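A structural walkthrough
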Amino acid sequence: MDAPFQRLVGRFVPASLPPSGSFDGQTVLIAGASTGIGLAAAVHFATLGASVIITSRVASRVEAAKRHIEEAVGPSYKGDISCLELDLESYESCTSFMAKLKTSLPDPAALDVAILNGGMVNSHWEQSEAGWERTIQINTIGTTLLSLLLLGWMREARSHRKSPAHIVFVSSRDHLYNDIDPLVRWSQEKDGILRQVSSKDNWDGGFWETQPNYNVSKLLLMYMIEGVSELARGPDGEPLVIVNSVCPGMVKTDIGRHIATRSWVHAIGVWLTLFVIAKTADSGSRICVTAALKPKENHGEFVNYWMTPDMYRGQAESVIGSDKARALQKQVWKEVIDELKSNVPGLQASLDKMCQPAMDTLGKGSI
Ligand SMILES: NC(=O)c1ccc[n+]([C@@H]2O[C@H](COP(=O)([O-])OP(=O)(O)OC[C@H]3O[C@@H](n4cnc5c(N)ncnc54)[C@H](OP(=O)(O)O)[C@@H]3O)[C@@H](O)[C@H]2O)c1
């Protein structure tokens, strides 16, 4: 089935049952939980018994989310809801968030699941403080940084846990809808891929191009998730932390707000699209629970509502599986890791600790 038809069906028919399984006594971090999919996922995890740690860039928003979850789960809820501030656009915010997270939990073994959900669609070209286009900064670079900070910490805890903890990235099937030829070309130029994909000259601001860098930000994220999944393995190749990415399908949230500000045509377009084909956040966020219950055999998989792993591999051949894509993955990994190593104190040491001899797929010397 094609994506538009699947989305239309998904609007009316929840693709999975309400989540089951128990998270009693577990702690789940949902990064980016003030609204939308993250907030709905937090309600699911809390309903299933988990204590939740939720984040927003803005203290008042995360407090409002906490009240929403409390109302949704009711007075019989036995868990805790903790609020932290996190801005994936800022390296400093990511590291100070990690410091606070570490002090708020008794030990790394206490964190069972981390859902990395924060993300955005930008319809206007904007530059982050670090100099990258904002969608790339948040969806790709910041999300990778957060995952590496968490992974370094969560890996250490494996020997104190019965089973591996989970890191779940909220990605998107939109990563499939990319032409990688420009990326391949840029990878051979001096500036590299990140600089070119962030350049205003390469930003397609055409009237009908509503989310110029969103799809590519998620593809670059998928390349980074591949590397993070390898780093999550122990010396015997078994995952010390189970890593998955998910696509929630098209979900009615605030994600289109930047598009809607472009013109009244865009505002109506966003409203109509969400009205006709988007499912509720409750329904879309179920995939986060599904992924957090995956066994180690599914480590590294892209979990989604419609495609089996084989179907996904077929559809992802050109952007993930082909020789061109393999070379691209290595280059993107190197560029993002170099950027983070030069700007985030202590990251090099943490990566050195995680680095496994069997990590050939990441490319020798890339870490
Ligand atoms: N909606 C869809 O159809 C759809 C489809 C596929 C994938 N996704 C993915 O699902 C995730 C959630 O999207 P959504 O649809 O729920 O969007 P949303 O309603 O706009 O929510 C986005 C969440 O991310 C947080 N966030 C935004 N910028 C952030 C930043 N710089 N640092 C930290 N957190 C940030 C927001 O928190 P604050 O603004 O309070 O900080 C908010 O909690 C995104 O990664 C998106 O790409 C969505």
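For the structure given in this document, a descriptive report is provided here. Just so you know, these numbers come straight off a predicted model, no measurement behind them.

Reading the values: rules and limits
Residues numbered from 1 in each chain as written. Predicted model: local features only at pLDDT ≥ 70, side-chain atom pairs only at ≥ 80, totals over all residues. Heavy atoms only, no water. Phe/Tyr/Trp six-rings, centres within 6.5 Å; stacked < 30°, edge-to-face > 60°. Helix = DSSP H or I, 4+ residues; strand = E, 2+ residues; numbered from the N terminus. Buried < 20%, exposed > 50% of the residue type's maximum accessible area, 1.4 Å probe, protein only. Pairing = 2+ DSSP bridges. Contact = heavy atoms within 4.5 Å. Axes fitted to C-alpha atoms, helices over the stretch in contact; angles between N-to-C directions. Polar contact = N/O pair within 3.5 Å; in protein donor to acceptor, adjacent residues only side chain to side chain.

Going through the model one piece at a time under the given rule, you end up with three aromatic pairs. Aromatic pair Trp271 and Phe275: ring centres 5.2 Å apart, planes at 5°, arrangement stacked. Here Phe275 and Trp271 lie together in helix α10 (residues 264-277), a separation of four residues that amounts to about one turn. Ring geometry for Phe302 versus Tyr312: centroids 4.7 Å apart, planes at 40°, classification tilted. Here the residue Phe302 occupies a position in strand β7 (residues 302-303), and Tyr312 occupies one in helix α13 (residues 309-315), the gap between them amounting to 10 residues. You can call Tyr312 buried: its relative accessible area is 10%.

Quick look at the sheet that holds strand β6 (residues 241-246) now. Taken together, the seven strands give an open sheet; going across it, the order is β3-β2-β1-β4-β5-β6-β7, and neighbouring strands pair in parallel fashion. Strand pairing shows two members of the sheet lacking a second neighbour, β3 (81-85) and β7, which therefore form its edges. As judged from the five bridges shared by strand β2 (residues 51-56) and β3, these two strands associate in the parallel manner. The residue of β3 that forms the bridge with Ser56 is Glu85. Strand contacts of helix α4 (residues 91-104): β1 (27-31), β2 and β3, with the helix running at about 155° to β3, the strand carrying the most contacts.

Mapped onto the fold, Arg262 is located in the loop between α9 (257-260) and α10. Since its relative accessible area comes to 23%, Arg262 is described here as partly exposed. The spatial distance from the C-alpha of Arg262 to the C-alpha of Gly74 is 40 Å, given a sequence separation of 188 residues. Apart from the residues lying within four places of it in its own chain, the contact partners of Arg262 are Ser123, His124, Gly205, Gly206, Phe207, Glu209 and Thr210. A distance of 3.2 Å separates polar atoms of two side chains, one belonging to Arg262 and the other to Ser123.

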